Amino acid sequence: MGTGTSQGVPMIACDCAVCTSADPRNRRTRSCIHVVMDGLHVQVDAAPEFRLQCLREKIEWMDFFILTHGHADHISGMDDLRRFCDLLGGAALTVYTTDDGMARVLAMFPYTISERPVNTGYAAFKLLQMPVALELPQGTIRSTLLPHGGINTLGLVFEEKSSGRRFAYYNDCKRIPREAVAMAKGADVVVLDGLRPEAHPTHMNIDEACAAAAEIGGVSTYLTHLTHRIDHAEWSAKLPAGVQLAYDGLRLKL
Ligand SMILES: [Zn+2]
Ligand SMILES: [Zn+2]
Ligand SMILES: [Zn+2]
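Residues numbered from 1 in each chain as written. Chains lettered and ligands numbered in written order. Predicted model: local features only at pLDDT ≥ 70, side-chain atom pairs only at ≥ 80, totals over all residues. Heavy atoms only, no water.

## Some points on the overall build of the chain
Along the chain, the regular secondary structure elements total 7 helices and 12 strands. What you see for the chain is a C-alpha radius of gyration of 17 Å, in line with the 18 Å of a compact globule of 254 residues. Expressed along its principal axes, the backbone C-alpha trace of the chain runs to roughly 50 × 40 × 35 Å. Counting only residues that meet the buried cut, the chain has 54% of its 254 residues in that class. Of the contacts made within the chain by residues no fewer than 6 positions apart, 62% connect residues no fewer than 24 positions apart. Of the roughly 11,200 Å² of accessible surface on the chain, a fraction of 53% belongs to carbon and sulfur atoms. (Helix = DSSP H or I, 4+ residues; strand = E, 2+ residues; numbered from the N terminus. Rg over C-alpha atoms; globule rule 2.2 N^0.38 Å. Buried < 20%, exposed > 50% of the residue type's maximum accessible area, 1.4 Å probe, protein only. Contact = heavy atoms within 4.5 Å. Areas by Shrake-Rupley, 256 points an atom, 1.4 Å probe, with all protein chains shown as cover.)

So this is what it looks like as structure tokens:
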């Protein structure tokens, strides 16, 4: 749904070649994804553009929500989850997250903590700790913690029961710990934080992401959370085999 870094691309008041590019793949809203596993709809994060992303991608249902961490670019769109509470018949939407994620939701959206929406059209969340393995009739969602500066991000691996296909989403992290490499090993699709060419204290840069991709050995790897330092066409030609750049609106069928 979104593949941009926290500022988005184009960035406000920037006339660089990427921010002024005509290539639609260089227009990046803030990052979040929607995963469908045997008919189960799982939304991961809600960017500031979440409402517009839902309209663009025709996201019309979700069974539950996972917040990877409480940073503004992942949590800001959560008030717009209100519409999905309506669609659930006026029930609270289940939100799985970390301790830090829960604290942020409580601080930013205190009015949502309720068994059901206060009025029709309001948001209500049931906050739950994301388990290490969420076992569902449609498959399993495994989680692990990824270091992201002063906090940890939830790294997620989806495994669909009917097909056995695996999808790993490791965004917003400085490195991929050994347990996380093992959990995603050989997945059909791996999505990694690949911010920009230059090093960053809390995100992997392109080289670090490519090294992590090689270690994980997924069938195909996509880089996301991209800044305006990355021109889609230019960098697509430079990346190692099996590693590609994600772009807004990208749909992958595993
Ligand atoms: Zn982010
Ligand atoms: Zn720019
Ligand atoms: Zn972050």
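## Some words on helix α4 (residues 99–108)
Because the α-helix completes a turn every 3.6 residues, residues three or four places apart line up on one side. Of the residues making up α4, those classed as buried are G101, M102 and V105. Viewed along the axis of α4, the buried residues span an arc of 100°, placing them on a single side of the element. Turned more than 90 degrees from where α4 packs its buried face, D99 and A107 sit exposed. (Arc of directions from axis to C-beta.)

## Focus: the packing of aromatic side chains
Summed over the entire model, instances satisfying the criterion amount to 4 aromatic pairs. A centroid spacing of 5.3 Å and a plane angle of 80° characterise the contact between F64 and Y96, whose relative ring orientation is edge-to-face. Remark: Y96 occurs in strand β4 (residues 93–97) and F64 occurs in strand β3 (residues 64–66); sequence separation between them is 32 residues. In this structure, F64 and Y96 share a single accessibility class: buried. Seen in terms of ring centroids, F158 and F167 are 5.9 Å apart; in terms of plane orientation they differ by 45°. Their pairing is tilted. By the burial criterion, F158 is buried, and F167 matches it. (Phe/Tyr/Trp six-rings, centres within 6.5 Å; stacked < 30°, edge-to-face > 60°.)

## Side note on unusual backbone geometry
Cis peptide bonds are those with omega within 30 degrees of zero, and the linkage from V9 to P10 qualifies with 0°. Located in the positive-phi region is D38, a residue other than glycine, with phi close to 50°. Tracing the sequence through the fold places D38 in the loop between β1 (33–37) and β2 (40–44). For D45, which is not a glycine, the phi torsion comes out positive at approximately 70°. Within the element layout of this structure, D45 appears in the loop between β2 and α1 (50–57). Judged by relative accessible area, D45 falls into the buried class, the value being 0%.

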